[in-house]
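Commentary on secondary and tertiary structure
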Amino acid sequence: MTDTDKKPSTPRVSVVMSVHNDAIRVEVAVRSILTQTFQDLELIVIDDGSSDGSADVLDQLAAGDARLHVIHQQNTGLTRALIHGCTLARGEYIARQDSDDWSHPQRIAEQVALLDADPGMGFASCTVRYLGPGDEFLFEVGRPTDSIVASQGLRDRREGPPAHGSVMFRKAVYEQAGGYRPAFYFAQDSDLWLRMIERARIGYLAAVRYCARKEPVSTSGGARAVQKRFGELGHLCRQARLAGQPEAPFLVEAEALARQFKAGIAQTPAGRRRALADANYLIGALLTANRDARARRYLGQAIRLCPWRPKPWIRFVMALATKGHESEAILPEFDK
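In short, a report on the structure. Predicted, not measured: the structure shown is a model, and the values here were computed from it.

Overall, the coordinates contain 25 salt bridges when judged by the stated rule. Here Arg238 makes a salt bridge to Glu198, at a shortest N to O gap of 3.1 Å. Taken together, the residues span a long stretch of sequence, with Arg238 in helix α8 (residues 224-242) and Glu198 in the loop between α7 (188-196) and β9 (201-213) at a distance of 40 residues. Judged by its relative accessible area of 10%, Arg238 falls in the buried class. Across the pair Arg309 and Asp278 runs a salt bridge, and its minimum N-O distance is 3.0 Å.

Shown next, in the form of structure tokens:
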């Protein structure tokens, strides 16, 4: 058999990422996957209609590593981009990665080992570190490492859903659950987890193996109320399934809500300004609690956006009164 007759080997893991106008961050995210200690993988990146140079960055990276497959398309939104990427995935396992986050070099290897060791476990996450726009440490979120306890916590809402980009799942379980559903423009991940947990358990690594970023401007930054309603609709769908009732009314509402949001009806300019102020306030409040002097920058922005709101002013005074510090930037190879 000649080299031209050989079929490309099937990777064990397919990592799926969607990118829309993230040229500044995406190279770090991509390299965090391509430099994993676990090398038997492919990285499928859907360039979802970027117009900021992301496409050029991705094409340059793909030229240097045959495992990176870039698909350019018109903008469809995150959910449909992920559906496309997961359809193309060839691996036994599919791992998610967001374009402005990064993974620890051992993340994929350790999640594969966790799933390999327990056939009843359908998806896995880890402890997640959340950072601000300037790599400021905000907080960490971990879940029970006992898979039975963690699964029950997800089912009954005692535990929040895992960070979307931190999850690896069995492709077979993903397909059995019906995959991402186009109706969920937001909360597509929590809707999927709630259907997967009916078929398999979730597991968590105790160690920090994923860093997620909190940005004042992000996919959901201007749509908190809309995003919350999508999350509620996912739970209402689950309740309907458990009761043997149709999900259709909630899926219809989700589709209508998605149409409204995409048409720009969901939020006024004043509403977007308040949402941006809220996001800056949240980052500033977290940094104030961490005694990080950079809290003042975000709280000041929240005040400029909505000067009549008292909470940013109160927190800003607290930040001024605190002898803060500026923590060092956290590199992609964090906590080796």
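This part takes up the environment of Arg90. Among the secondary structure elements, Arg90 is positioned in the loop between α3 (78-88) and β4 (93-96). Taking C-alpha positions, Arg90 is 19 Å from Met196, a pair spaced 106 residues apart along the chain. Among the polar contacts made by the side chain of Arg90, one reaches the main-chain carbonyl oxygen of Ser9 at a distance of 3.3 Å.

So, about the nonpolar core. Soluble globular proteins: nonpolar side chains tend toward being buried together. With 26 residues, the main nonpolar core has Val13, Met17, Val30, Leu43, Leu68, Ile108 and Met168 as its most contacted residues. The set of elements that each furnish at least two residues to this core consists of β1 (13-19), α1 (26-34), β2 (41-48), α2 (54-63), β3 (68-73), β4, α4 (107-116) and β6 (121-131). Here this core takes five residues from α1, the largest share from any one element. Once residues lying within four places of it in the same chain are set aside, the contact partners of Ile108 are Val13, Val15, Gln36, Phe38, Leu41, Ala95 and Met168. Leu82, Ala89, Val173 and Leu192 belong to the second largest nonpolar core, which has 24 residues in total.

On to the packing of helix α10 (residues 269-289) against helix α11 (residues 295-305). Axis separation between α10 and α11 bottoms out at 8 Å; the angle between their running directions is 155°. Accordingly, the angle class assigned to the pair α10 and α11 is roughly antiparallel. Considering only the axes of α10 and α11, their crossing is left-handed. Between α10, through Arg273, Leu276, Ala277, Asn280, Tyr281, Ile283, Gly284, Ala285, Leu287 and Thr288, and α11, the contact on the second element is made entirely by Ala295, Tyr298, Leu299, Gln301, Ala302 and Leu305.

Relative to the elements of secondary structure, Phe169 occurs in strand β8 (residues 168-170). The exposure class assigned to Phe169 is buried, which follows from its relative accessible area of 0%. Through-space distance from the C-alpha of Phe169 to that of Ile202 is 9.0 Å; in sequence the pair is 33 residues apart. Those residues in contact with Phe169 that sit more than four places away from it in its chain are Cys86, Glu92, Tyr93, Ile94, Arg96, Gly122, Phe123, Tyr174, Tyr180, Trp193 and Met196.

Now for the packing of α8 against helix α9 (residues 248-262). α9 packs onto α8 with a crossing angle of 165° between their chain directions and a minimal axis gap of 9 Å. In terms of orientation, α8 lies roughly antiparallel with respect to α9. Here α8 and α9 pass one another in a crossing that is left-handed. Judged by residue contacts, Val226, Arg229, Phe230, Leu233, Leu236, Cys237 and Ala240 of α8 engage Phe250, Leu251, Glu253, Ala254, Leu257, Ala258 and Phe261 from α9. Among the residues making up the contact of α8 with α9, the classes are represented as 12 nonpolar, no polar and two charged.

Take the packing of aromatic side chains next. Evaluation of the coordinates by the stated rule reveals 10 aromatic pairs. Seen from their ring centres, Tyr185 and Phe186 are 5.2 Å apart, and the 80° between their planes marks the pair as edge-to-face. Residue classification places Phe186 among the buried residues on the basis of a relative accessible area of 3%. The interplanar angle of 75° and the centroid separation of 6.1 Å between the aromatic rings of Phe186 and Phe230 together place this pair among those described as edge-to-face. Of the two residues, Phe186 is situated in the loop between α6 (171-177) and α7 and Phe230 in helix α8; the sequence distance between them amounts to 44 residues. Through successive ring pairs, a cluster of aromatic residues spans Phe123, Phe169, Tyr174, Tyr180 and Trp193.

Cut-offs used in this document
Residues numbered from 1 in each chain as written. Predicted model: local features only at pLDDT ≥ 70, side-chain atom pairs only at ≥ 80, totals over all residues. Heavy atoms only, no water. Salt bridge = Lys/Arg side-chain N within 4 Å of Asp/Glu carboxyl O. Helix = DSSP H or I, 4+ residues; strand = E, 2+ residues; numbered from the N terminus. Buried < 20%, exposed > 50% of the residue type's maximum accessible area, 1.4 Å probe, protein only. Polar contact = N/O pair within 3.5 Å; in protein donor to acceptor, adjacent residues only side chain to side chain. Core = buried A, V, L, I, M, F, W, Y, C linked by side-chain atoms within 4.5 Å. Contact = heavy atoms within 4.5 Å. Axes fitted to C-alpha atoms, helices over the stretch in contact; angles between N-to-C directions. Parallel < 35°, antiparallel > 145°, perpendicular 65-115°, else oblique. Left-handed = near helix turned anticlockwise from the far one by under 90°. Nonpolar A, V, L, I, M, F, W, Y, C, P; charged D, E, K, R; others polar. Phe/Tyr/Trp six-rings, centres within 6.5 Å; stacked < 30°, edge-to-face > 60°.

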